[in-house]
Amino acid sequence: KNEVEQSPQNLTAQEGEFITINCSYSVGISALHWLQQHPGGGIVSLFMLSSGKKKHGRLIATINIQEKHSSLHITASHPRDSAVYICAVRSSLSGGYQKVTFGTGTKLQVIP
Amino acid sequence: DTAVSQTPKYLVTQMGNDKSIKCEQNLGHDTMYWYKQDSKKFLKIMFSYNNKELIINETVPNRFSPKSPDKAHLNLHINSLELGDSAVYFCASSQRKNYGYTFGSGTRLTVV
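What this report covers is the structure whose coordinates are included nearby. Note that the coordinates shown come from a computational prediction; the quantities given were computed from them, not determined experimentally.

1. As for the nonpolar core
- Of all hydrophobic cores here, the largest spans 22 residues; its most connected members are A:Ile19, A:Leu32, A:Trp34, A:Leu72 and A:Tyr85.
- Of all the secondary structure elements, the ones that give two or more residues to this core are strand E3 (19-25), strand E4 (31-37), strand E5 (43-49), strand E7 (59-64), strand E8 (69-74), strand E9 (83-92) and strand E11 (106-111) of chain A.
- Counting 20 residues, the second-largest nonpolar core is a separate cluster that includes B:Cys23, B:Phe64, B:Tyr89 and B:Leu109.

2. With respect to the sheet that holds strand E6 (residues 52-56) of chain A
Residues and elements named next belong to chain A.
- If you trace the five strands from one edge of the open sheet to the other, you get E1-E3-E8-E7-E6, paired in antiparallel fashion. Of all strands in the sheet, those with a lone pairing partner are strand E1 (4-7) and E6, marking the two edges. Within the sheet, the average angular offset between the axes of one strand and its neighbour, ignoring direction, is 15 degrees.
- Where E7 and E8 come together, six bridges link them in antiparallel fashion. If you follow Leu59 over to E8, its bridge partner there is Ile74.

3. Here's the deal with the sheet that holds strand E8 (residues 75-78) of chain B
Residue and element names in this part refer to chain B.
- Read across the open sheet, the four strands follow the order E1-E3-E8-E7; overall the sheet is antiparallel. Lying at the two open borders of the sheet, with one neighbouring strand each, are strand E1 (4-7) and strand E7 (64-67). Averaged over all adjacent pairs, the angle separating strand axes in this sheet is 15 degrees, with direction ignored.

4. Considerations on the environment of B:Gly104
Residues and elements named next belong to chain B.
- Structurally, Gly104 is set in the loop between strand E10 (101-103) and strand E11 (107-111).
- A residue is classified by how much of its surface remains accessible, and Gly104, at 3% relative accessible area, is buried.
- Contact partners of Gly104, with chain neighbours within four places excluded, come to Val4, Gln6, Phe90 and Cys91.

5. Re the state of the cysteines
- Under the criterion given, the structure shown has two disulfides over all chains.
- Linked covalently through their sulfurs, A:Cys23 and A:Cys87 form a disulfide whose S-S length is 2.0 Å. Taking the sign of the S-S torsion, -65 degrees for the link of A:Cys23 and A:Cys87, the bridge is left-handed. Highlighted residues: A:Cys23 in strand E3 and A:Cys87 in strand E9, separated in sequence by 64 residues. For the pair A:Cys23 and A:Cys87, a shared accessibility class is recorded, and that class is buried.
- One disulfide bridge connects B:Cys23 with B:Cys91, the sulfur atoms lying 1.8 Å from each other. In this structure, the disulfide formed by B:Cys23 and B:Cys91 twists by about -75 degrees around the S-S bond and is classed as left-handed. One end of the pair, B:Cys23, is in strand E3 (residues 19-25); the other, B:Cys91, is in strand E9 (residues 87-94), with 68 residues separating them in the sequence.

6. Comments concerning the side chain of A:His73
All names here are of chain A.
- Within the fold, His73 resides in strand E8.
- Separated by 2.9 Å, the side chains of His73 and Thr20 make a polar contact.
- Discounting chain neighbours no more than four positions away, the residues touching His73 are Phe18, Ile19, Thr20, Arg58, Leu59, Ile60 and Thr62.

Analysis parameters
Residues numbered from 1 in each chain as written. Chains lettered and ligands numbered in written order. Predicted model: local features only at pLDDT ≥ 70, side-chain atom pairs only at ≥ 80, totals over all residues. Heavy atoms only, no water. Core = buried A, V, L, I, M, F, W, Y, C linked by side-chain atoms within 4.5 Å. Buried < 20%, exposed > 50% of the residue type's maximum accessible area, 1.4 Å probe, protein only. Helix = DSSP H or I, 4+ residues; strand = E, 2+ residues; numbered from the N terminus. Pairing = 2+ DSSP bridges. Axes fitted to C-alpha atoms, helices over the stretch in contact; angles between N-to-C directions. Contact = heavy atoms within 4.5 Å. Disulfide = S-S within 2.5 Å. Polar contact = N/O pair within 3.5 Å; in protein donor to acceptor, adjacent residues only side chain to side chain.

Written out as structure tokens, the structure is:
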């Protein structure tokens, strides 16, 4: 079983809908990232969280450290939000270094 | 422009060849990474370099070797290419203290 699980794997929504993508992890982490990969392949870092909640435009990311769970919300979804959203967690290794584990991604398609 | 740039964008080569992918960042970040994204779109870390020292090598075959002439560059050399090496390879960088990532645009490697 992957240390980072995302759900759903695929999501189709109508323009304007509120969207939630979930990420659960099984290891202790120092931070969690949400990444966006567009159909053209480029990857953009959306958020880095270690606690609480962050908001950027129509995107909101939350994390519950005790439950080992994070959510990415998109309000008033738009076709340009169509992309693969990837959750990644950082966990500590000995010597103060970090290991990064990625989820398998959630493919979102927003239909006009 | 401040960015992570990697070249080439596309690389088609025959089995058995040796090839290199270059990566440069002008963000002043102290850590650089190479990731492999396979056909199932799963991202996996290959190497992480911090201040010219390799700190993570996720059991990557020794045909792959990262070369860092300075902290702004992390090149990926691949010897004796195999069909299974076909994938998209992403370079990224971060500053250890804030952990935010910046990704390059990816190199699509096809081994024929």
